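An overview of the molecular structure
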Amino acid sequence: CRKCRLWQSRTHAVPGEGPADAHIMFIGEGPGREEDLQGRPFVGPAGQLLNELLAEAGLRRDEVFISNIVKCRPPDNREPLPDEVAACRDYLNGQIAVINPKVICTLGRPALHALVDPGLSITKEHGQPRQVSGIVVVPLYHPAAALHRQDLRPQLVADMAKLRLILDRVLCQR
Ligand code: URA
(Lines give C-alpha, C1' and ligand atoms only; values in the text may rest on other atoms or scores of the structure.)
Protein backbone atom coordinates (compact mmCIF):
# COMPACT_ATOMS: atom_id res chain seq x y z
CA CYS A 1 0.00 0.00 0.00
CA ARG A 2 1.25 3.49 -0.82
CA LYS A 3 -1.83 5.46 0.08
CA CYS A 4 0.14 7.62 2.53
CA ARG A 5 3.81 8.37 3.23
CA LEU A 6 4.24 5.70 5.93
CA TRP A 7 5.17 2.99 3.40
CA GLN A 8 8.52 4.72 2.92
CA SER A 9 9.81 3.95 6.41
CA ARG A 10 7.99 0.71 7.26
CA THR A 11 9.55 -2.77 7.41
CA HIS A 12 6.21 -4.59 7.42
CA ALA A 13 2.64 -3.41 7.27
CA VAL A 14 0.73 -4.56 10.37
CA PRO A 15 -2.83 -5.24 9.26
CA GLY A 16 -3.99 -6.76 12.55
CA GLU A 17 -4.83 -10.27 13.71
CA GLY A 18 -7.53 -12.34 15.31
CA PRO A 19 -10.50 -14.52 14.41
CA ALA A 20 -12.88 -13.19 11.75
CA ASP A 21 -15.81 -14.00 14.07
CA ALA A 22 -14.39 -12.18 17.12
CA HIS A 23 -17.03 -10.49 19.30
CA ILE A 24 -14.63 -7.79 20.37
CA MET A 25 -12.05 -5.66 18.55
CA PHE A 26 -9.22 -3.71 20.18
CA ILE A 27 -8.05 -0.78 18.09
CA GLY A 28 -4.80 0.99 18.92
CA GLU A 29 -2.90 3.90 17.45
CA GLY A 30 -0.32 2.37 15.14
CA PRO A 31 2.49 -0.17 15.05
CA GLY A 32 5.60 0.49 17.12
CA ARG A 33 9.15 -0.73 16.49
CA GLU A 34 8.62 -4.38 17.39
CA GLU A 35 5.31 -4.54 15.53
CA ASP A 36 6.94 -3.05 12.42
CA LEU A 37 9.68 -5.70 12.56
CA GLN A 38 7.30 -8.63 13.09
CA GLY A 39 4.27 -7.48 11.10
CA ARG A 40 2.03 -8.26 14.09
CA PRO A 41 0.09 -5.85 16.34
CA PHE A 42 0.87 -5.31 20.03
CA VAL A 43 3.88 -7.61 20.31
CA GLY A 44 6.20 -5.06 22.02
CA PRO A 45 6.11 -3.79 25.63
CA ALA A 46 2.60 -2.29 25.28
CA GLY A 47 1.45 -5.61 23.83
CA GLN A 48 2.87 -7.46 26.82
CA LEU A 49 0.79 -5.28 29.13
CA LEU A 50 -2.27 -5.68 26.88
CA ASN A 51 -1.86 -9.47 27.14
CA GLU A 52 -1.75 -9.22 30.94
CA LEU A 53 -4.81 -6.96 31.03
CA LEU A 54 -6.75 -9.31 28.74
CA ALA A 55 -5.87 -12.26 30.96
CA GLU A 56 -6.94 -10.38 34.09
CA ALA A 57 -10.29 -9.69 32.44
CA GLY A 58 -10.66 -13.36 31.49
CA LEU A 59 -10.21 -12.72 27.76
CA ARG A 60 -7.88 -14.82 25.62
CA ARG A 61 -5.77 -12.95 23.10
CA ASP A 62 -6.65 -15.52 20.42
CA GLU A 63 -10.39 -14.80 20.78
CA VAL A 64 -10.16 -11.04 20.21
CA PHE A 65 -9.28 -9.09 17.05
CA ILE A 66 -6.45 -6.59 17.46
CA SER A 67 -5.77 -3.79 15.00
CA ASN A 68 -4.75 -0.15 14.71
CA ILE A 69 -6.05 3.02 13.08
CA VAL A 70 -2.94 3.05 10.85
CA LYS A 71 -1.33 -0.14 9.63
CA CYS A 72 2.22 1.15 9.16
CA ARG A 73 4.57 2.49 11.82
CA PRO A 74 4.83 6.28 12.08
CA PRO A 75 8.52 7.25 12.26
CA ASP A 76 9.86 7.51 15.84
CA ASN A 77 6.43 6.42 17.11
CA ARG A 78 4.95 9.85 16.51
CA GLU A 79 1.16 10.09 16.45
CA PRO A 80 -0.34 9.28 13.07
CA LEU A 81 -1.19 12.44 11.11
CA PRO A 82 -4.81 13.12 10.13
CA ASP A 83 -4.16 12.42 6.44
CA GLU A 84 -2.51 9.08 7.33
CA VAL A 85 -5.48 8.06 9.48
CA ALA A 86 -7.81 9.10 6.66
CA ALA A 87 -5.79 7.21 4.02
CA CYS A 88 -5.91 4.03 6.14
CA ARG A 89 -9.55 4.34 7.09
CA ASP A 90 -10.97 2.09 4.38
CA TYR A 91 -8.89 -0.81 5.71
CA LEU A 92 -10.20 -0.30 9.24
CA ASN A 93 -13.78 0.13 8.04
CA GLY A 94 -13.40 -3.05 5.98
CA GLN A 95 -12.17 -4.98 9.02
CA ILE A 96 -15.05 -3.71 11.16
CA ALA A 97 -17.55 -4.59 8.43
CA VAL A 98 -16.24 -8.15 8.02
CA ILE A 99 -15.74 -8.92 11.70
CA ASN A 100 -18.94 -7.16 12.74
CA PRO A 101 -17.92 -7.01 16.41
CA LYS A 102 -20.41 -6.49 19.21
CA VAL A 103 -17.93 -4.31 21.09
CA ILE A 104 -15.02 -2.14 19.96
CA CYS A 105 -12.45 -1.09 22.49
CA THR A 106 -10.35 1.93 21.51
CA LEU A 107 -6.88 2.09 23.04
CA GLY A 108 -5.67 5.66 23.57
CA ARG A 109 -6.74 9.09 22.43
CA PRO A 110 -6.02 8.86 18.68
CA ALA A 111 -8.21 5.74 18.33
CA LEU A 112 -10.97 7.37 20.40
CA HIS A 113 -10.80 10.45 18.20
CA ALA A 114 -10.74 8.45 14.95
CA LEU A 115 -13.62 6.14 15.90
CA VAL A 116 -15.90 8.25 18.07
CA ASP A 117 -15.35 12.00 18.09
CA PRO A 118 -12.20 14.13 17.79
CA GLY A 119 -13.52 16.48 20.47
CA LEU A 120 -13.55 13.92 23.29
CA SER A 121 -11.20 13.76 26.26
CA ILE A 122 -9.78 10.32 27.09
CA THR A 123 -9.48 11.39 30.74
CA LYS A 124 -13.26 11.90 30.86
CA GLU A 125 -14.37 9.12 28.52
CA HIS A 126 -12.25 6.13 29.51
CA GLY A 127 -14.41 3.25 30.69
CA GLN A 128 -17.63 4.94 29.49
CA PRO A 129 -19.39 2.84 26.85
CA ARG A 130 -21.33 4.50 24.03
CA GLN A 131 -23.12 3.35 20.89
CA VAL A 132 -21.55 4.25 17.54
CA SER A 133 -23.43 3.01 14.46
CA GLY A 134 -24.98 0.17 16.47
CA ILE A 135 -21.68 -1.00 18.00
CA VAL A 136 -20.82 -0.50 21.67
CA VAL A 137 -17.53 1.41 21.83
CA VAL A 138 -15.56 1.40 25.08
CA PRO A 139 -12.64 3.86 25.23
CA LEU A 140 -9.63 2.74 27.24
CA TYR A 141 -6.31 4.35 28.00
CA HIS A 142 -3.49 3.07 25.81
CA PRO A 143 -1.42 0.37 27.57
CA ALA A 144 1.76 2.27 26.56
CA ALA A 145 0.51 5.25 28.61
CA ALA A 146 0.29 2.99 31.66
CA LEU A 147 3.90 1.92 31.11
CA HIS A 148 4.93 5.55 31.54
CA ARG A 149 2.39 6.53 34.20
CA GLN A 150 1.97 3.92 36.92
CA ASP A 151 -1.20 5.62 38.23
CA LEU A 152 -3.04 4.73 35.00
CA ARG A 153 -2.60 1.00 35.43
CA PRO A 154 -5.32 0.49 38.09
CA GLN A 155 -7.69 2.53 35.90
CA LEU A 156 -6.92 0.27 32.94
CA VAL A 157 -7.46 -2.83 35.07
CA ALA A 158 -10.80 -1.45 36.33
CA ASP A 159 -11.91 -0.43 32.82
CA MET A 160 -10.95 -3.83 31.45
CA ALA A 161 -13.04 -5.54 34.15
CA LYS A 162 -15.93 -3.25 33.19
CA LEU A 163 -15.37 -4.12 29.53
CA ARG A 164 -15.73 -7.80 30.40
CA LEU A 165 -19.11 -7.11 32.05
CA ILE A 166 -20.23 -4.98 29.08
CA LEU A 167 -19.26 -7.73 26.66
CA ASP A 168 -21.09 -10.39 28.70
CA ARG A 169 -24.20 -8.18 28.80
CA VAL A 170 -24.10 -7.45 25.06
CA LEU A 171 -23.62 -11.16 24.22
CA CYS A 172 -26.58 -12.09 26.47
CA GLN A 173 -28.86 -9.79 24.48
CA ARG A 174 -28.32 -11.69 21.24
N1 URA B 1 0.85 0.54 20.09
C2 URA B 1 -0.21 0.57 19.26
O3 URA B 1 -1.00 1.49 19.27
N4 URA B 1 -0.36 -0.44 18.43
C5 URA B 1 0.46 -1.49 18.35
O6 URA B 1 0.23 -2.39 17.55
C7 URA B 1 1.55 -1.50 19.24
C8 URA B 1 1.74 -0.47 20.09
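Here, every reference points to the structure presented above.
The present account deals with the structure reproduced in this document.

Basis of the calculations
Throughout this document, residue positions are counted from 1 along each chain, in the order its sequence is written. Local features in a predicted model are, by the rule used here, given only for residues with pLDDT of at least 70; side-chain atom pairs are given and counted only at 80 or more, and totals for whole chains, interfaces and linings are based on all residues. Only heavy atoms go into the side-chain values, all of them from the structure, while hydrogens and water stay out. Secondary structure counts use DSSP, requiring at least four H or I residues in a row for a helix and at least two E residues in a row for a strand, with both numbered from the N terminus. Only C-alpha atoms enter the radius of gyration, while the globule expectation follows 2.2 Å times N to the 0.38, with N the number of residues. For each residue, the accessible area found with a 1.4 Å probe, counting protein chains only, is set against the maximum for its type, and the residue is called buried under 20%, exposed over 50%, and partly exposed in between. Should any heavy atoms of two residues lie within 4.5 Å, those residues are counted as being in contact. Computed with a 1.4 Å probe, the accessible areas rest on the Shrake-Rupley method; for each residue, only the protein chains presented here act as cover. A residue counts as positive if it is Lys or Arg and as negative if it is Asp or Glu; His and the chain ends are not included. Where a charge lies is defined by one atom per residue type, namely NZ (Lys), CZ (Arg), CG (Asp) and CD (Glu). The span one expects for a helix is its residue count, reduced by one, times 1.5 Å. Aromatic rings from Phe, Tyr and Trp, with only the six-membered ring used for Trp, were paired whenever their centres fell within 6.5 Å, and each pair was classed as stacked if the ring planes differed by under 30 degrees, edge-to-face if by over 60, and tilted otherwise. Should the NZ of a Lys or the CZ of an Arg lie within 6 Å of a ring centre and within 35 degrees of the ring normal, that charge is described as sitting over the ring. Lines fitted to C-alpha atoms define the axes here, with helix axes fitted over just the stretch in contact, and angles between the N-to-C directions of these axes take values from 0 to 180 degrees. Here is the rule for angles: anything less than 35 degrees is roughly parallel, anything more than 145 is roughly antiparallel, 65 through 115 is roughly perpendicular, and the remaining ranges are oblique. Crossing handedness is defined as follows: a turn of the near helix away from the far one that is anticlockwise and smaller than a right angle gives a left-handed crossing, while the clockwise case is right-handed. Note that Gly is not counted as nonpolar here; it falls among the polar residues with everything else outside the nonpolar set of Ala, Val, Leu, Ile, Met, Phe, Trp, Tyr, Cys and Pro and the charged set of Asp, Glu, Lys and Arg. In this scheme, strands are said to pair when DSSP sees at least two bridges between them. Each nonpolar core is a collection of buried residues, namely Ala, Val, Leu, Ile, Met, Phe, Trp, Tyr and Cys, held together in the definition by side-chain atoms within 4.5 Å.

Observations regarding the overall build of the chain
Each helix and strand counted, the chain has seven helices and five strands in total. Its C-alpha atoms give the chain a radius of gyration of 15 Å, near enough to 16 Å, the size a compact globule of 174 residues would have. Seen along its three principal axes, the alpha-carbon backbone of the chain occupies a region of about 45 × 35 × 35 Å. Residues classed as buried in the chain amount to 46% of the 174 residues present. The long-range share in the chain, meaning contacts at least 24 apart out of those at least 6 apart in sequence, stands at 73%. Summed over all atoms, the accessible surface of the chain reaches about 8500 Å², with 52% contributed by carbon and sulfur. Where the 22 positive side-chain charges of the chain centre and where its 20 negative ones centre are 3 Å apart.

Focus: helix H2 (residues 45-56)
If you check H2, its first and last C-alpha atoms are 17 Å apart, about what 12 residues at 1.5 Å a residue would give, namely 16 Å. Contacts made by the buried residues of H2 are with strand S1 (24-28), strand S2 (65-68), strand S3 (103-107), helix H6 (143-148) and helix H7 (152-172). Note on H2: the residue one or two positions beyond its end, Gly58, has a positive phi of about 75 degrees.

Some thoughts on the packing of aromatic side chains
Tallied over the entire structure, the rule returns zero aromatic pairs. Above the plane of the ring of Tyr91 lies Lys3, whose end atom (NZ or CZ) is 4.6 Å from the centre.

Concerning the packing of H2 against H7
For the pair H2 and H7, interaxial distance at closest approach is 9 Å and the crossing angle is 45 degrees. Between H2 and H7, the interaxial angle falls into the category oblique. Judged by the sense of rotation from one axis to the other, the crossing of H2 with H7 is right-handed. Taking contact as the criterion, the partners of Leu49, Leu50, Glu52, Leu53, Leu54 and Glu56 in H2 are, on H7, Arg153, Leu156, Val157 and Met160. When its residues are assigned to classes, the contact of H2 with H7 shows seven nonpolar, no polar and three charged.

Re the sheet that holds S2
Read across the sheet, five strands follow the order S2-S1-S3-S5-S4 without closing on themselves; strand pairing throughout is mixed. Pairing within the sheet leaves two strands with one partner each, and these edge strands are S2 and strand S4 (130-132). Neighbouring strand axes in the sheet, compared pairwise and without regard to direction, differ in orientation by 30 degrees on average. Against the sheet, helix H3 (residues 82-99) engages S1, S2, S3 and strand S5 (135-140), with an angle of about 170 degrees to S1.

Let's talk about the nonpolar core
Among the nonpolar cores identified, the biggest contains 30 residues, and Phe26, Leu50, Val103, Met160 and Leu163 are the most heavily contacted of them. At the level of secondary structure, the elements contributing two or more residues to this core comprise S1, H2, S3, S5 and H7. Examining the composition of this core, we find that seven residues originate from one element, H7, more than from any other. When residues no more than four places from it in sequence are discounted, the contact partners of Leu50 are Phe26, Phe42, Ile66, Leu107, Pro143 and Met160. Counting residues in each nonpolar core, the second largest holds 18 residues, with Cys88, Leu92, Ile96 and Ile135 among its members.

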